[in-house]
Amino acid sequence: MTVPSFSARLRSSFKSLLTRHRPTRPPYHHSLISPPLAAGHTPAPFSRLSPFAVPLSLAAAFAAAVASESSFCDAGDRRGPAEFVVKGSHKKVPAEFVDELTAICGDNLTMDFEERSFHGKPQNSFHKAVNIPDIVVFPRSEEEVSLIVKSCNKHKIPIVPYGGATSIEGHTLAPHGGVCIDMSQMKGIKALHIEDMDVVVEPGIGWMELNEYLEPFGLFFPLDPGPGATIGGMCATRCSGSLAVRYGTMRDNVINLKAVLANGDIVKTGSRARKSAAGYDLTRLLIGSEGTLGLITEVTLRLQKIPQYSVVAMCNFPSIKDAADVAIATMLSGIQESFLLGATFTSDLLRLRGKIFLPKWFFGRCLRVIVSRVELLDEVQVRAINIANGKTLPEVPTLLFEFIGTEAYSREQTVLVQNIVADHNGSDFVFEEEPEAKMELWKIRKEALWACFAMAPGYEAMITDVCVPLSRLAELISSSKAELDASPLVCTVIAHAGDGNFHTIILFDPSSEDHRQEAERLSKFMVLAALSMGGTCTGEHGVGTGKMKYLEEELGLEALKTMKKIKEALDPNNIMNPGKIIPPHVCL
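Because the structure is predicted, anything quoted here is derived from the model rather than measured.

Scoring rules and cut-offs
Residues numbered from 1 in each chain as written. Predicted model: local features only at pLDDT ≥ 70, side-chain atom pairs only at ≥ 80, totals over all residues. Heavy atoms only, no water. Buried < 20%, exposed > 50% of the residue type's maximum accessible area, 1.4 Å probe, protein only. Helix = DSSP H or I, 4+ residues; strand = E, 2+ residues; numbered from the N terminus. Contact = heavy atoms within 4.5 Å. Polar contact = N/O pair within 3.5 Å; in protein donor to acceptor, adjacent residues only side chain to side chain. Salt bridge = Lys/Arg side-chain N within 4 Å of Asp/Glu carboxyl O. Pairing = 2+ DSSP bridges. Axes fitted to C-alpha atoms, helices over the stretch in contact; angles between N-to-C directions. Phe/Tyr/Trp six-rings, centres within 6.5 Å; stacked < 30°, edge-to-face > 60°. Core = buried A, V, L, I, M, F, W, Y, C linked by side-chain atoms within 4.5 Å.

Caption draft 1: The arrangement of helix α4 (residues 113–120) in detail. The element α4 is largely enclosed, with a buried count of seven among its eight residues. Listing the buried residues of α4 in full gives Phe113, Glu115, Arg116, Ser117, Phe118, His119 and Gly120. Where α4 is buried, its residues meet β2 (109–110), β4 (135–137), β5 (159–162) and β6 (179–182). The N-terminus of α4 is capped by Asp112, whose side-chain oxygen sits 3.2 Å from the backbone nitrogen of Glu114.

Caption draft 2: Local environment of the pattern of salt bridges. Following the criterion strictly, the structure yields 27 salt bridges and no others. Among the salt bridges present, the one from Lys190 reaches Glu298, with a minimum N-O distance of 2.8 Å. Highlighted residues: Lys190 in strand β7 (residues 189–193) and Glu298 in strand β12 (residues 295–302), separated in sequence by 108 residues. Classification of Glu298 as buried rests on a relative accessible area of 8%. The partner of Lys549 in a salt bridge is Glu520, with the nearest N and O atoms 3.5 Å apart. Of this pair, Lys549 sits in the loop between α19 (513–532) and α20 (551–555) while Glu520 sits in helix α19, and the two are 29 residues apart along the sequence. Linked by salt bridges that have partners in common, Asp224, Arg373, Glu402 and Lys446 make up one network.

Caption draft 3: Focus on the sheet that holds β5. If you walk across this open sheet you meet the four strands as β2-β4-β6-β5, and the pairing is mixed. Looking at the sheet topology across the chains shown, the edges are occupied by β2 and β5. Sitting on the sheet, α4 is in contact with β2, β4, β5 and β6, with an inclination near 80° to β4. Those strands touched by helix α5 (residues 142–155) are β4, β5 and β6, and its axis lies near 170° from that of β6.

Caption draft 4: Spatial organisation of the environment of Ile157. As for its position among the elements, Ile157 is in the loop between α5 and β5. Take Ile157: its relative accessible area is 1%, and that puts it in the buried class. Remark: the alpha-carbon pair of Ile157 and Gly177, spanning 20 residues in sequence, is separated by 8.4 Å. Residues within four places of Ile157 in sequence aside, it is in contact with Lys91, Val93, Pro94, Phe97, Cys152, Gly178, Val179 and Ile575.

Caption draft 5: Geometry of the packing of aromatic side chains. In the structure shown here, the tally under the stated rule is three aromatic pairs. Between Tyr213 and Phe217, the aromatic rings sit 5.8 Å apart at their centres with planes inclined by 50°, giving tilted as the arrangement. Exposure remark for Tyr213: the relative accessible area of 36% places this residue in the partly exposed category. Measuring from centroid to centroid gives 5.8 Å for Phe401 and Phe403, while their planes differ by 10°, and the two rings are stacked. For Phe401, a relative accessible area of 0% translates into the label buried.

Caption draft 6: Representation of the nonpolar core within the structure. In terms of nonpolar packing, the biggest core is built from 58 residues, with Val374, Leu376, Leu399, Phe401, Leu476, Ile477 and Phe502 touching the most fellow members. Not counting the four nearest positions on each side in its chain, Val374 is found in contact with Val245, Ala327, Met331, Leu399, Leu400, Phe401, Ala495, His496, Ala497 and Gly498. In terms of nonpolar packing, the next biggest core, distinct from the first, is built from 28 residues, Leu210, Met250, Leu286 and Ile566 among them.

See below:
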């Protein structure tokens, strides 16, 4: 695959999807219930929590001073599964505060109702809030962000960070009003280190725009979430995407970052060294914190070489379980990558097969398939694609693969997977090597959400994801699929099948309370099934407000109390994206 074709594939797949439409005016009124406690994320601006090490004694010492803060805890507030509107308290912002922000931001500030409404209602989100931001600001530098946050902390005004507006679980809702900090003006590329294969960027740049910049240097950033997602939001939600099976998630691809804490201090979490054993891992504490601990203002990203060649393959199956079984078999097809046989020896073995006796298990164990993508679509999703794009694809469960490397290696991987597919009732195995043909195949997956709306015009979508250990994926998808098919709602299944992460798009009539209840019931079924299998309530979308109610069952109360101690230590006034991640009933 040539260098230009790689970025071209990304651009053409998504360019038509990037236009945004303003929502209708949401209600703006006060709630009777006091705010939940904790903090959360923004559409695309921030990310997920990863392993971290923070001494409990230190966190507890800081937390002691604020343990009595009522805004951090509402022991009686346990959101039921049927509550779709996030409640919150609201106070009028003082004129003195508005004057301070105006002095900092100048014209990059608005109190226009339409603009505030737009920022207060995430796109394609099942969740809504009773309030919207009082003010929207557009900082142009890290220093401005710091001054804005200091002013908010002084007046105890809530902050909601905002990036590409692509988050799903209500990360950018403003249930308590306050200030929405839109990072779209901070989209610069500060430094590119080609020999070190890293780049330093501001949070507002999109991953697609970044890859366009990197393409002439033969480099790319490998994470590919939804179109429009920005690097800051991707960090805040610890996102991943279809390439995570090969390159890992956001936590694996961020070397260090800078963030503004709740008191306005600017902290840098590490050096550019590829590995370090120095101090606490603050980088991964902030990745996935969804704007509840700080506002990310700079990110140093790990880059990859653009693949020399790639092959995209597609095949069909009689059942969703057969398709999932192939995804699992592909990932478990042999020894670890570090022990992978050389490509030349692999070629020799393939040529010898059929001429001398080499048992099937030998190939299964010695010729490991290394894929960059394994994506699964159920028959309902394929039907949506046919309706939306005028295609005639077989409406059966379908797998899409991408193999990258040298030309010879990519083709070898294709042959190996074709054999696995044949052993699991697969059919219609086709593969493409020409750039335009590959692009066309991959658009099938990347335009899945928009295709769904063609099946039910006027409907909205509840989009949810769960993740389980790979060995349980087929079981989870099969049980969830049976429940989805029995529902009166139209539901599609899409999976990053190579890492056990699967998504459902549930279409519902927004004017029907029964539809909303059913959508929530289906989501809950999937989550509880995943948790019973040792999985998680969210593999890549994040917690926000939508998945808070499942965290205690997944992580346990002590883990949530530990998170709360960290939150209170770093944000004693609870201004950083309050009402996200930590359930309001968690008290210290």
